[in-house]
Amino acid sequence: MFAKGIRCVSCKKEFSPHLVIYECEECGSPVDIEYDYGGIKKKLIKDLFFKEQPSHWKYNLLYPIEDLSNRVTLQEGGTPLLPSKKQKGLLFKIEGMNPTGSFKDRGSTIEISKAVELGVSEVACATTGNMGASVASYCARAGLRCTIYLPFFSPKNKITQIQQMGAETHLVHGTYEDALAKTKELRKKKHIYLTGDYAYRGEGEKSVGFEIIDQLNWTSPDYIVLPVGNATLFSATYKACYELKILGLLQAIPKLVAVQAFGCKPLVDAYQKGQKKITPVKQPQTLASAIACGNPVDGMKALAALQKTRGLCIDVQDSEILAAREELAWKEGLFVEPSGAVSYAGAKKLNLKGTVVCVLTGHGLKDPEKY
Ligand SMILES: *Cc1c(COP(=O)(O)O)cnc(C)c1O
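Being a predicted model, the structure only gives us computed values, none of them experimental.

Parameters and conventions
- Residues numbered from 1 in each chain as written.
- Predicted model: local features only at pLDDT ≥ 70, side-chain atom pairs only at ≥ 80, totals over all residues.
- Heavy atoms only, no water.
- Phe/Tyr/Trp six-rings, centres within 6.5 Å; stacked < 30°, edge-to-face > 60°.
- Buried < 20%, exposed > 50% of the residue type's maximum accessible area, 1.4 Å probe, protein only.
- Lys NZ or Arg CZ within 6 Å of the ring centre and 35° of its normal.
- Helix = DSSP H or I, 4+ residues; strand = E, 2+ residues; numbered from the N terminus.
- Contact = heavy atoms within 4.5 Å.
- Near = heavy atom within 4 Å.
- Polar contact = N/O pair within 3.5 Å; in protein donor to acceptor, adjacent residues only side chain to side chain.
- Areas by Shrake-Rupley, 256 points an atom, 1.4 Å probe, with all protein chains shown as cover.
- Nonpolar A, V, L, I, M, F, W, Y, C, P; charged D, E, K, R; others polar.

Details of the packing of aromatic side chains
Part 1: In total, this model carries 9 aromatic pairs according to the counting rule given.
Part 2: Ring geometry for phenylalanine 49 and phenylalanine 50: centres 5.6 Å apart, planes at 75 degrees, overall edge-to-face.
Part 3: Classification of phenylalanine 49 by relative accessible area gives buried; the value is 10%.
Part 4: We classify phenylalanine 50 as partly exposed; its relative accessible area is 35%.
Part 5: Cluster of aromatic residues (ring-pair linked, three or more members): Phe49, Phe50, Tyr59, Phe210 and Trp218.
Part 6: The ring centre of tryptophan 57 lies 4.9 Å from the NZ or CZ of arginine 71, which sits over that ring.

If you want it as structure tokens, here you go:
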């Protein structure tokens, strides 16, 4: 394994990569995993690596798993990068084609593999739906007990999907933040492995970025556009580009575009005001339930990435999200849930031109309501 340490993103305290750390024990900020990139560079047998088809585990040197035989996989990733029929240069990364219907599987395969590696028997997770469905599936595959907390407002199909995977499912009155608080209580009571938007998940979600660059033949698009809820996908995509650049596989990091819903845009506000910290939104209001996260777990990482790369950050109205979803369906033949259309809604609003990759994060059957 080339992961060499876990470091706090604010106070820089370092922890062993063999520990379970959710947030910095000193200051409570998110932590990040650091690698020995020199070692990885030597190990990349380029010919073999370049011949392999893009898939989640192709990039295994950049994941914090010690022994690949601990892998819990449903063959996630390797999703299409589909050109638009309507706009030249516009490409869609179809994450709804992952095993449980969203990109969350890329994070779950790493988190649950790590849980197996750590000898854990019980897992808990707070979710707005997709992460829970994904974690429950990987736990079933690994034979781990799984408890999921999610808000009542979560789409019906996501709740059913979680229950069908045999997870103990608790519907919580309140927001995603209230569900998160429940899992933290549980962690105090007994030793339980929390999955969610913690460092291991982000390591897995990097593969969205690795695959996009790989599918573009190791060149950078002009923009990668992503929806932001907890900002884990966004910061993971940034980290993926950053790592490929360090490894000499990518010349320049593309402009990253973060898109939030108007009714829940703490990252947009913090970036526009040039703040270092995020002011949480107490009552998120958007029908894009997968991005209704008022206090983004990885907000600080995303903010730093935006500031470093002079990325773009924009919010869209629910009506714009629904219009983008309808356009993807009627003009492109693509069925996505509302949160899955957020990146495209943002790209349209900004009128982005050139090579533009919109990550369509979740399948339409997850939340097929018309609204
Ligand atoms: C989880 C999710 C998001 C938001 O991702 P974050 O990492 O929380 O920012 C967006 N769309 C869908 C479909 C999701 O499941």
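After presenting the structure, the write-up continues.
Topic: the environment of lysine 41
Part 1: Position of lysine 41 among the secondary structure elements: in helix H1 (residues 37–43).
Part 2: On the basis of relative accessible area, lysine 41 is assigned to the partly exposed category, the value being 42%.
Part 3: Sequence-wise, lysine 41 and glutamate 369 are 328 residues apart; in three dimensions their C-alpha atoms are separated by 47 Å.
Part 4: If we ignore the near neighbours within four places in the chain, the residues touching lysine 41 are Ile246 and Leu247.

Overview of the site of the ligand
Part 1: Inspection of the region around the ligand gives 16 residues, with Lys104, Asn130, Gly229, Asn230 and Thr361 positioned closest.
Part 2: In this structure, an oxygen atom belonging to the ligand sits 2.7 Å away from a side-chain N or O atom of lysine 104.
Part 3: Alanine 231 has a polar backbone atom sitting 2.8 Å from an oxygen atom of the ligand.
Part 4: Here the ligand has 380 Å² of accessible area as a free molecule, and 98% of this is covered by the chains.
Part 5: A breakdown of the residues in the shell around the ligand according to their chemical character gives 7 nonpolar, 7 polar and 2 charged.

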